[in-house]
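A closer look at the structure
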4 protein chains.
Amino acid sequence: MDEFDIERVADPDLNEPVLVEGLPGVGHVGKLAAEHLLEELESELVRRVYSTHFPPQVSIDDGQAQLACAEFHAVTPEEGQDLLVLSGDHQAQNNQGHYGLTDTFLDIADEFGVQRVFALGGVPTGELIEEYDVLGATTTEEFKETLEESGVAFREDEPAGGIVGVSGLLLGLSKRRDVPASCLMGETSGYLVDPKSAQAVLEILQDVIGFEVDYSSLEDRADEMEEVVRKIQEMEQQNSPSPADEDLRYIG
Amino acid sequence: MDEFDIERVADPDLNEPVLVEGLPGVGHVGKLAAEHLLEELESELVRRVYSTHFPPQVSIDDGQAQLACAEFHAVTPEEGQDLLVLSGDHQAQNNQGHYGLTDTFLDIADEFGVQRVFALGGVPTGELIEEYDVLGATTTEEFKETLEESGVAFREDEPAGGIVGVSGLLLGLSKRRDVPASCLMGETSGYLVDPKSAQAVLEILQDVIGFEVDYSSLEDRADEMEEVVRKIQEMEQQNSPSPADEDLRYIG
Amino acid sequence: MDEFDIERVADPDLNEPVLVEGLPGVGHVGKLAAEHLLEELESELVRRVYSTHFPPQVSIDDGQAQLACAEFHAVTPEEGQDLLVLSGDHQAQNNQGHYGLTDTFLDIADEFGVQRVFALGGVPTGELIEEYDVLGATTTEEFKETLEESGVAFREDEPAGGIVGVSGLLLGLSKRRDVPASCLMGETSGYLVDPKSAQAVLEILQDVIGFEVDYSSLEDRADEMEEVVRKIQEMEQQNSPSPADEDLRYIG
Amino acid sequence: MDEFDIERVADPDLNEPVLVEGLPGVGHVGKLAAEHLLEELESELVRRVYSTHFPPQVSIDDGQAQLACAEFHAVTPEEGQDLLVLSGDHQAQNNQGHYGLTDTFLDIADEFGVQRVFALGGVPTGELIEEYDVLGATTTEEFKETLEESGVAFREDEPAGGIVGVSGLLLGLSKRRDVPASCLMGETSGYLVDPKSAQAVLEILQDVIGFEVDYSSLEDRADEMEEVVRKIQEMEQQNSPSPADEDLRYIG
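Residues numbered from 1 in each chain as written. Chains lettered and ligands numbered in written order. Predicted model: local features only at pLDDT ≥ 70, side-chain atom pairs only at ≥ 80, totals over all residues. Heavy atoms only, no water.

1. Looking at the overall build of chain A
Cut-off, in case you're wondering: Segments assigned H or I by DSSP are reported as helices when at least four residues long, segments assigned E as strands when at least two residues long, and all are numbered from the N terminus. Both definitions apply: the radius of gyration is a C-alpha atom measure, and the globule rule equals 2.2 Å times residues to the power 0.38. For every residue, the accessible area obtained with a 1.4 Å probe (protein chains only) is divided by the maximum for its type, and the residue is called buried under 20%, exposed over 50%, and partly exposed between those limits. The contact criterion used throughout is that any non-hydrogen atoms of two residues lie within 4.5 Å. Surface exposure here means Shrake-Rupley accessible area, sampled with a 1.4 Å probe, where a residue is shielded only by the protein chains that are shown. All tallies of charge rest on Lys and Arg as positive and Asp and Glu as negative; His and the ends of each chain are not included. Where a charge sits is defined by one atom per residue type, namely NZ (Lys), CZ (Arg), CG (Asp) or CD (Glu).
Of the regular secondary structure elements, chain A holds 7 helices and 11 strands. Here chain A has a C-alpha radius of gyration of 18 Å; the compact-globule value for 252 residues is 18 Å, and the two agree. The principal-axis extents of the C-alpha atoms in chain A amount to approximately 55 × 45 × 35 Å. Here chain A, with 252 residues, has 57% of them falling under the buried criterion. Long-range contacts, defined here as pairs at least 24 residues apart, represent 76% of the contacts in chain A between residues at least 6 apart. Surface accessibility of chain A: about 10700 Å² in total, with carbon and sulfur atoms responsible for 41%. With 15 positive and 54 negative side-chain charges, chain A shows a separation of 4 Å between the mean positions of the two kinds.

What follows is the structure, encoded as structure tokens:
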């Protein structure tokens, strides 16, 4: 297998699509958002990307094995913006892998004529969120203004540590390719899978590029998570040790 | 030395052999099973695979050094199924090594005309086992049905974390090569080397492909391990700290 | 993106320049010193170096993303020594990256005709400093004498552990290229960002190669840090746990 | 710089030399032994090996920098066995580095016509040693017999974990090149730098290949270490925490 191995599943014509990336990360905000788009909108699997930088792992669904990969789905509504949605269960596990995979992702985006890139993710606040703001970062002033009009918050020196992983590199490497790119980061505690933050991010994206999705399934998951939070708070009041972030991150 | 370096020891003709892999892993179930086959059946060493991804290590047997490697043995009974058995003391120690080694293993299997792949391993339950079920995963529905007929359990979303390491990649990369592959995972506590789980896996394999082996030596080791468990439980009752998994994993 | 990817921003003619390196390290002494030079002297960005060995990260400034990189600025005063200043926020994260990046840095230095190399850094003493000595290491006896005349301390077997990272490799690899190189290490506690140590290093460099800079902004930061130290000492007296080095290293 | 970069310092003719390797390891036994040979016997530096797999580090001696490397010295006595002695302060820091460096070392040995390889090291016993036995491992039965005649101990399944690092790979890779190789492992506690164990190893080597060295300097260092041990035992009796292995390993 090559270091980066592209499986070509389908080659539909896309009309000036935008790339929407949602891989695992803080609060799984980006992953939840991208997967919600794929659940709610008609889409077609167009590419699988395998890599020796992914974990040496297969996932098992009903006894059938699927090698670790990232997937591109094409969304081509009769009206409105074509989307190329990048989702998956893994990120690369070292620096060279992160750079190489992101380059591979952008090569595929380029094949489909992607005009703009939206990386979706979460930004940890360390506390449970009341108001779900969405923080932004871009590669061009013009793109920044567009996002501000849709209510994206731009704060000096935030996020403080910059943006790490594929979402960060999608900005950095798109800029070097002169493709306008942005990252939409939903505020989230960082302790829990956060469907509400994912919804906040999608509502912004919806306002910027326009699509019709129903949020009830995300809202249902949000209710489940609030139930989890309640239980944890009870546990803490009973002075029993609270579950570790690690556990929580994978609840829900 | 090359990154993956194949030593050709012998080249017997095999008749539509199946690959049986048993490298170190949870409870050493796969390793015990593969090594038991080689102890009980006449076999011939055909390939050694060295790799810069194995530990920089030699094993010492009676003062003689052997560089870390994986070995392929051919089993060619007068009647019944030819086997190509992959065993060894090491797995790769990083992602690229896992992918590259598994590709190398499948290239060798291809040379010998392997028709089906059986990866043997253990699946940890976290508790001592009464009933030794064998969990399955495959690359084709047809293979799944064959295994179900022999009593392999297929459970939705199990194993939850998928399958990691060579056993997982044998499934994932065989599927991409259109070679039917399966993984037989004996339930095991995960705390101890588990000969009983290895026997449960072999009894399934025996039922699927057919061979004649005696299990008394495995049963003897199982008795030794139960002795170990008894001792550990006594120690725990005496509130002395129980040996770490790490220690236990290498008892027996 | 290549493993080491050079962005050519400008190509001014430099007259026998010296390379001054200040990347992150102990007490951020070298980084503070190099950045202070760039704040105080007129300079021009000439090169950016990107690498797959840098963290997969973008920094965000006022909403705009910049991919992790190291930067070369040219300083060309009407009178006096031309400088090529190497600064940035990152070091490589593995051995091959350190070697490859340093080689790349020296290739760029060679392009601009660099005659001598000055690596700036800190050497940890484990205690708060009264007298800010600057420790030296070089690749030639002649260079050592020059530095001794300017007050650089050379002590047998110091620093005991040698010099690690880009600063160390700039010495080691320059020597192999027959380019005289030195490392100026300001003594620092190792617990805090240390502007005073950076000033001590710059004063030596100023004496050796000559330039005119004002130190008031560094002195202001030094006052802030002393305020931090006072607070920490108070906290310690109150038996509250003292902040971890890690935290402190990034204060200021 | 290349991944493995050989600096050719001198090219004396050697008469069927043996390679003697002593790089850092358990109790620094091999390193002490090899360095003692170089102190006691006339030798000439013939090769330096640099590698991107060594730490990114220079050592500083009296202010002068030397890039991390391994060194080959030639020992050519008027009478008796020619030696090629491999010493240094570092081992590679990952698997590929270990394999690649050892291959490079054996290429250099081959250039000089090396007929036999002696890897020197220590084997940890976990307790302070009274009787300094030397454990052996080889690649041929014939070599084993030779060593047994000189008092080397060969014990079934010892060392239990095999031999790791350059010493182990020198056996494994020499065997694949059909060069007889052995490893002489002095028993040592594993907690301290152990000059006595180094002397025990050298006395065996002296008996096997013959050379004249004086051991008084090693004996002096052994006395210093016993002083250290005494102090530690006192500290322990005073229930103060004993120094960590790490510290101890670098005492002396």
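That covers the picture; the talk isn't over yet.
2. Some thoughts on the interface of chain C and chain A
The following threshold applies: Two parts placed together each lose some accessible area under a 1.4 Å probe, and the buried area is that loss summed for both. Here a salt bridge means any side-chain nitrogen of Lys or Arg lying within 4 Å of a carboxyl oxygen belonging to Asp or Glu. Two N or O atoms count as a polar contact when they lie within 3.5 Å, although within protein this holds only if one can serve as hydrogen donor and the other as acceptor, and sequence-adjacent residues are included solely when both atoms are side-chain atoms. Here the rule is simple: two strands pair whenever DSSP picks up at least two bridges between them.
Facing 24 residues of chain C, the contacting portion of chain A comprises 28 residues. In this assembly, chain C packs against chain A so that about 2000 Å² is buried in total across both faces, 48% of it on carbon and sulfur atoms. When the buried surface of chain C facing chain A is broken down by residue, Pro56, Ile60 and Gln64 of chain C rank first, second and third, together holding 31% of it. Summed over the shared surface of chain C and chain A, the result is 2 salt bridges. For Lys144 of chain A, the salt bridge identified is with Asp62 of chain C, shortest N-O distance 3.4 Å. Where chain C meets chain A, there are 15 residue pairs in polar contact (both at pLDDT 80 or more). At the level of elements, strand 1 (4–8), strand 3 (44–51), strand 4 (57–61) and strand 5 (64–67) of chain C are the ones that each hand at least two residues to the side of chain C that touches chain A. In terms of strand pairing, strand 10 (residues 163–164) of chain A meets strand 4 of chain C through 2 bridges, oriented antiparallel. Note that in strand 4 of chain C the partner of Val164 of chain A across the bridge is Gln57 of chain C.

3. What about the packing of aromatic side chains?
Residues and elements named next belong to chain C. The cut-off we apply is this: Here a Phe, Tyr or Trp ring, Trp counted by its six-membered ring, pairs with any other such ring whose centre lies within 6.5 Å, and the pair is stacked when the planes are under 30 degrees apart, edge-to-face when over 60, and tilted otherwise.
Scanning the model with the defined rule gives 8 aromatic pairs over all chains in all. Arranged with centres 5.8 Å apart and planes meeting at 65°, the rings of Phe72 and Phe105 form a pair that is edge-to-face. Separated by 33 residues along the polypeptide, Phe72 in strand 6 (residues 70–75) and Phe105 in helix 2 (residues 95–111) bring together distant segments of the chain. Residue Phe72 shares its accessibility class with Phe105, and that shared class is buried.

4. Points about the relation of the copies chain A and chain B
Each of the two chain copies goes to the other by way of a rotation about an axis and a shift along it. Rules: Copies are brought into register by a least-squares superposition over C-alpha atoms of residues with pLDDT of at least 70 in both.
Of the transformation superimposing chain A on chain B, the axial component is 0.1 Å and the angular component is 90°, with the fit at an RMSD of 0.0 Å. The two molecules are tied by a four-fold rotation axis, judged by turn and shift. Relative to the rotation axis, the closest C-alpha in chain A is found at Asn94 of chain A, a distance of 7.3 Å.

5. Some points on the interface of chain A and chain B
A common measure of how large an interface is: the accessible area buried when the components associate. Tallying the contact residues gives 24 residues for chain A and 28 residues for chain B. At the boundary of chain A with chain B, total buried surface from both sides reaches about 2000 Å², with 49% on carbon and sulfur atoms. Per-residue buried area on chain A facing chain B is highest for Pro56, Ile60 and Gln64 of chain A; these three make up 31% of the total on that side. Across the chain A-chain B interface, the total number found is 2 salt bridges. The salt bridge involving Arg176 of chain B is made with Asp5 of chain A; its shortest N-O contact spans 3.1 Å. The tally of links from chain A across to chain B stands at 16 residue pairs in polar contact (both at pLDDT 80 or more). Residue assignment for the side of chain A that touches chain B shows that the elements contributing at least two residues are strand 1 (4–8), strand 3 (44–51), strand 4 (57–61) and strand 5 (64–67) of chain A.

6. Considerations on the arrangement of the chains
There is a gap between chain B and chain C: no contact, and a shortest C-alpha distance of 15 Å. There is a clear gap between chain A and chain D: no contact, and 15 Å between their nearest C-alpha atoms.

7. Digging into the side chain of His53 of chain D
Within the fold, His53 of chain D resides in the loop between strand 3 (44–51) and strand 4 (57–61). A distance of 3.3 Å separates a polar atom in the side chain of His53 of chain D from a polar atom in the side chain of Asn94 of chain D. Ignoring any residue separated from it by four or fewer positions in sequence, one finds His53 of chain D in contact with Asn95 and Gln96 of chain C together with Glu3, Phe4, Gln91, Ala92, Gln93, Asn94, Gln96 and Gly97 of chain D.

8. Looking at the pattern of salt bridges
Think of it this way: side chains of opposite charge can pair up when their charged atoms draw near. Scanning all chains against the criterion turns up 64 salt bridges over all chains. For Arg230 of chain A, the salt bridge identified is with Glu227 of chain A, shortest N-O distance 2.7 Å. Here the residue Arg230 of chain A and the residue Glu227 of chain A both occupy positions in helix 6 (residues 216–237), the gap between them amounting to 3 residues, near one helical turn. Residue class for Glu227 of chain A comes out partly exposed when judged on its relative accessible area of 32%. Of the charged contacts, one joins Glu7 of chain B and Arg48 of chain B as a salt bridge, the two residues approaching to 3.4 Å between their closest N and O atoms. One end of the pair, Glu7 of chain B, is in strand 1 (residues 4–8); the other, Arg48 of chain B, is in strand 3 (residues 44–51), and 41 residues separate them in sequence.

9. Structural notes on a negative patch on the surface
All names here are of chain A. Stated formally: Within the patch definition used here, like charges are joined within 9 Å and nonpolar side chains (Val, Leu, Ile, Met, Phe, Trp, Tyr) within 5 Å, considering only residues with over 30% relative accessible area and no salt bridge.
On the surface, a cluster of negative charge is made up of Glu39, Glu40, Glu203, Asp214, Glu219, Asp220, Asp223 and Glu224. Listing elements by their share of the negative patch, those giving two or more residues are helix 1 (29–40) and helix 6. Looking at the negative patch element by element, the count peaks at 4 residues for helix 6. Mapped onto the fold, Glu203 is located in helix 5 (residues 195–209).

10. Overview of the pairing of strand 4 of chain A
Residue and element names in this part refer to chain A. Note that strand 4 and strand 5 share 4 bridges and pair antiparallel. Bridge assignment links Asp61 to a residue of strand 5, and that residue is Gln64. Linking two consecutive strands that pair antiparallel, namely strand 4 and strand 5, is a turn of 2 residues; a positive phi of about 55° is found at Asp62 within it.

11. Observations regarding the side chain of Ser197 of chain D
Residues and elements named next belong to chain D. As for its position among the elements, Ser197 is in helix 5 (residues 195–209). Overall, the relative accessible area of 0% leaves Ser197 in the buried class. In terms of polar contacts, Ser197 uses its side chain to reach the backbone carbonyl oxygen of Gly186, at 3.3 Å. Discounting chain neighbours no more than four positions away, the residues touching Ser197 are Val29, Tyr132, Gly186, Glu187 and Thr188.

12. Considerations on the confidence of the model for chain A
Applied cut-off: Values of pLDDT, the confidence the predictor places in each residue, fall between 0 and 100.
Here chain A averages 92 in pLDDT, and 94% of its residues register 70 or above. Predicted confidence for residues 240–252 of chain A stays below pLDDT 50, and this span has 23 contacts to residues more than four positions away or in other chains.

13. Considerations on helix 1 (residues 29–40) of chain B
Residue and element names in this part refer to chain B. Selection rule: For a helix, the expected span equals 1.5 Å multiplied by the residue count minus one.
With 12 residues, helix 1 should reach 16 Å at 1.5 Å per residue; the first-to-last C-alpha distance of 16 Å fits that figure. Where burial is concerned, most of helix 1 is hidden: 9 out of the 12 residues are buried. Turning to helix 1, its buried residues number three or more, namely Val29, Gly30, Lys31, Leu32, Ala33, Ala34, His36, Leu37 and Leu38.

14. Re the environment of Glu130 of chain D
Residue and element names in this part refer to chain D. Its location among the elements puts Glu130 in the loop between strand 8 (116–124) and strand 9 (134–138). Overall, Glu130 belongs to the exposed group, its relative accessible area being 75%. Here the alpha-carbon distance between Glu130 and Glu187, two residues 57 residues apart in the chain, equals 9.8 Å.

15. Quick look at the environment of His73 of chain B
Residues and elements named next belong to chain B. Following the sequence through the fold, His73 ends up in strand 6 (residues 70–75). For His73, a relative accessible area of 13% corresponds to the buried category. Sequence spacing of His73 and Glu187 is 114 residues, and the spatial spacing of their C-alpha atoms is 26 Å. In contact with His73, other than residues within four places in its own chain, are Leu38, Ser43, Glu44, Leu45, Val46, Leu83, Leu84, Val85 and Ser87.

16. What about helix 4 (residues 166–176) of chain B?
All names here are of chain B. Summarising burial for helix 4: 9 of the 11 residues are buried, a large majority. Buried within helix 4 we find Val166, Ser167, Gly168, Leu169, Leu170, Leu171, Gly172, Leu173 and Ser174. Asp178 occupies a position one or two residues after helix 4 and carries a positive phi of about 60°.

17. A closer look at the packing of helix 1 of chain A against helix 5 of chain A
Two packed helices can be described by the angle between their axes and the distance between those axes. Residue and element names in this part refer to chain A. The cut-off we apply is this: Fitting a line to C-alpha atoms yields each axis, with helices limited to the stretch in contact; the angle taken between N-to-C directions then spans 0 to 180 degrees. Throughout, the term roughly parallel applies to angles under 35 degrees, roughly antiparallel to angles over 145, roughly perpendicular to angles from 65 to 115, and oblique to all others. Each crossing is labelled by how the near helix is turned from the far one, with a counterclockwise turn of less than a right angle marking it left-handed and a clockwise turn marking it right-handed. Basically, the charged four are Asp, Glu, Lys and Arg, the nonpolar ten are Ala, Val, Leu, Ile, Met, Phe, Trp, Tyr, Cys and Pro, and anything else, Gly included, counts as polar.
Packing of helix 1 against helix 5 brings their axes to within 8 Å, and their N-to-C directions diverge by 60°. The angle between the axes of helix 1 and helix 5 places the two elements in the oblique class. Helix-helix and strand crossings are classified by hand; for helix 1 and helix 5 the assignment is right-handed. Here Val29, Leu32, Ala33, His36 and Leu37 of helix 1 lie close against helix 5, whose contacting residues are Pro195, Ser197, Ala198, Val201, Leu202 and Leu205. A class-by-class count of the residues in the contact of helix 1 with helix 5 yields 9 nonpolar, 2 polar and no charged.

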